[in-house]
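These are the residues of each chain, in order.
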Protein chains: 2
Amino acid sequence: PDWNIEIRNGVMQLEKIFPFKNFAQALAFTNAVAAAAEAEGHHPALLTEWGRVTVTWWSHKLKGLHRNDFIMAARTDAIASAAPTAAQ
Amino acid sequence: PDWNIEIRNGVMQLEKIFPFKNFAQALAFTNAVAAAAEAEGHHPALLTEWGRVTVTWWSHKLKGLHRNDFIMAARTDAIASAAPTAAQ
């Protein structure tokens, strides 16, 4: 599935739900995306639950979407593809 | 601050926002709470963002709050108190 564009409080955000088999695998994905975020200095919201992680990217200062958000969304997909546990 | 009781889709949930100094410290707290959750086999929703983590406990099967949710909420507070980085 693709990324959805959500509008919250007037701010556009890129959002996607990544399904996993359990909590531990969801958490591992959260940590992998977090590491990429730290490396870029651009941080998403990561909602970790049993069996899924909801990743939301937006540019806080711009209050919307910037080119970097789409780059990070693509990077998030790559991380999910590399995870042997991802159940996309 | 205390835990709030939120009602989402008719389900009561215990929720609290824990502030941190940055993304890395928020993520460390997420992992600590996740470890406690795995040990108990009872899993929250953990929303990790730059500078804060929103922890939500509820009993999925009961679609509401159970004694165990309050126990895990107290344990979450203890983890936050133990974290030298927590900015409660």
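What comes next concerns the included structure. (Residues numbered from 1 in each chain as written. Chains lettered and ligands numbered in written order. Predicted model: local features only at pLDDT ≥ 70, side-chain atom pairs only at ≥ 80, totals over all residues. Heavy atoms only, no water.)

Looking at the overall build of chain A
Inference 1: Scanning chain A from terminus to terminus reveals 2 helices and 4 strands.
Inference 2: Helices and strands in chain A line up, N terminus first, as β-β-α-β-β-α.
Inference 3: A globule of 88 residues ought to have a C-alpha radius of gyration of about 12 Å, and chain A, at 12 Å, matches this closely.
Inference 4: For chain A, the spread of C-alpha atoms along the principal axes amounts to about 35 × 25 × 20 Å.
Inference 5: Split into buried and exposed, the 88 residues of chain A put 48% on the buried side.
Inference 6: For chain A, restricting intrachain contacts to residue pairs at least 6 apart in sequence, the fraction spanning at least 24 positions comes to 57%.
Inference 7: For chain A, the separation between the mean place of its 8 positive charges and that of its 8 negative charges on side chains is 2 Å. (Helix = DSSP H or I, 4+ residues; strand = E, 2+ residues; numbered from the N terminus. Rg over C-alpha atoms; globule rule 2.2 N^0.38 Å. Buried < 20%, exposed > 50% of the residue type's maximum accessible area, 1.4 Å probe, protein only. Contact = heavy atoms within 4.5 Å. Lys, Arg positive; Asp, Glu negative; His and termini not counted. Charge placed at Lys NZ, Arg CZ, Asp CG, Glu CD.)

Some details on the sheet that holds strand E1 (residues 4-8) of chain B
Inference 1: With antiparallel pairing, 8 strands are arranged side by side in an open sheet as E1(A)-E2(A)-E4(A)-E3(A)-E3(B)-E4(B)-E2(B)-E1(B). Only two strands of the sheet have a single neighbouring strand rather than two, namely strand E1 (4-8) of chain A together with E1 of chain B. Strand-to-strand twist in this sheet, taken as the mean axis angle between neighbours without regard to direction, amounts to 25°.
Inference 2: With 5 bridges connecting them, strand E3 (residues 45-49) of chain B and strand E4 (residues 52-57) of chain B associate as antiparallel partners. Looking at the pairing, B:Leu47 lines up with B:Thr54 of E4(B). (Pairing = 2+ DSSP bridges. Axes fitted to C-alpha atoms, helices over the stretch in contact; angles between N-to-C directions.)

Structural notes on the interface of chain A and chain B
Inference 1: Contact residues are listed per partner, giving 16 residues for chain A and 16 residues for chain B.
Inference 2: Summing both sides of the interface, chain A and chain B together bury roughly 1300 Å²; the carbon and sulfur share of this comes to 69%.
Inference 3: Summed over the shared surface of chain A and chain B, the result is 0 salt bridges.
Inference 4: Put simply, chain A and chain B have 3 residue pairs in polar contact (both at pLDDT 80 or more) between them.
Inference 5: Of all the secondary structure elements, the ones that give two or more residues to the side of chain A that touches chain B are helix H1 (23-40) and strand E3 (45-49) of chain A.
Inference 6: When its residues are assigned to classes, the side of chain A that touches chain B shows 10 nonpolar, 4 polar and 2 charged.
Inference 7: With 3 bridges joining them, E3(A) and E3(B) adopt antiparallel strand pairing. (Buried area = accessible area lost by both parts, 1.4 Å probe. Salt bridge = Lys/Arg side-chain N within 4 Å of Asp/Glu carboxyl O. Polar contact = N/O pair within 3.5 Å; in protein donor to acceptor, adjacent residues only side chain to side chain. Nonpolar A, V, L, I, M, F, W, Y, C, P; charged D, E, K, R; others polar.)

A look at the relation of the copies chain A and chain B
Inference 1: Least-squares fitting of chain A to chain B yields an RMSD of 0.0 Å, with the transformation described by 0.0 Å of translation along the axis and a rotation of 180°. In short, the pair behaves as if placed about a two-fold rotation axis. Looking at the rotation axis and the C-alpha trace of chain A, the residue lying nearest is A:Leu47, at 2.1 Å.
Inference 2: Most of the interface of chain A is mirrored in chain B: 100% of its interface residues are interface residues there too. (Least-squares fit on C-alpha atoms with pLDDT ≥ 70 in both.)

With respect to helix H2 (residues 67-82) of chain B
Residues and elements named next belong to chain B.
Inference 1: A rise of 1.5 Å per residue sets the reference length of H2, with its 16 residues, at 22 Å; its end C-alpha atoms lie 23 Å apart and thus fit the reference within 8%.
Inference 2: Taken together, the buried positions of H2 are occupied by Asp69, Met72, Ala73, Thr76, Ile79 and Ala80. Taken down its axis, H2 places every buried residue within 120° of arc, on the same side. Along H2, the residues that are exposed and aim more than 90 degrees away from the buried face are Arg67, Ser81 and Ala82.
Inference 3: Buried residues belonging to H2 abut strand E2 (11-19), helix H1 (23-40) and E4. (Expected span 1.5 Å × (residues − 1). Arc of directions from axis to C-beta.)

Things to note about the packing of H1(A) against H1(B)
Pairs of packed helices are described in terms of their axes, by the angle between the two and the distance that separates them.
Inference 1: Viewed as axis vectors pointing N to C, H1(A) and H1(B) meet at an angle of 170°, and their least axial separation amounts to 11 Å. In terms of axis orientation, H1(A) runs roughly antiparallel to H1(B). Counted together, A:Phe23, A:Ala24, A:Leu27, A:Thr30, A:Asn31, A:Ala34 and A:Glu38 of H1(A) and B:Phe23, B:Ala24, B:Leu27, B:Thr30, B:Asn31, B:Ala34 and B:Glu38 of H1(B) form the full contact between these two elements.
Inference 2: Looking at the contact of H1(A) with H1(B) residue by residue, the class counts come to 8 nonpolar, 4 polar and 2 charged. (Parallel < 35°, antiparallel > 145°, perpendicular 65-115°, else oblique.)

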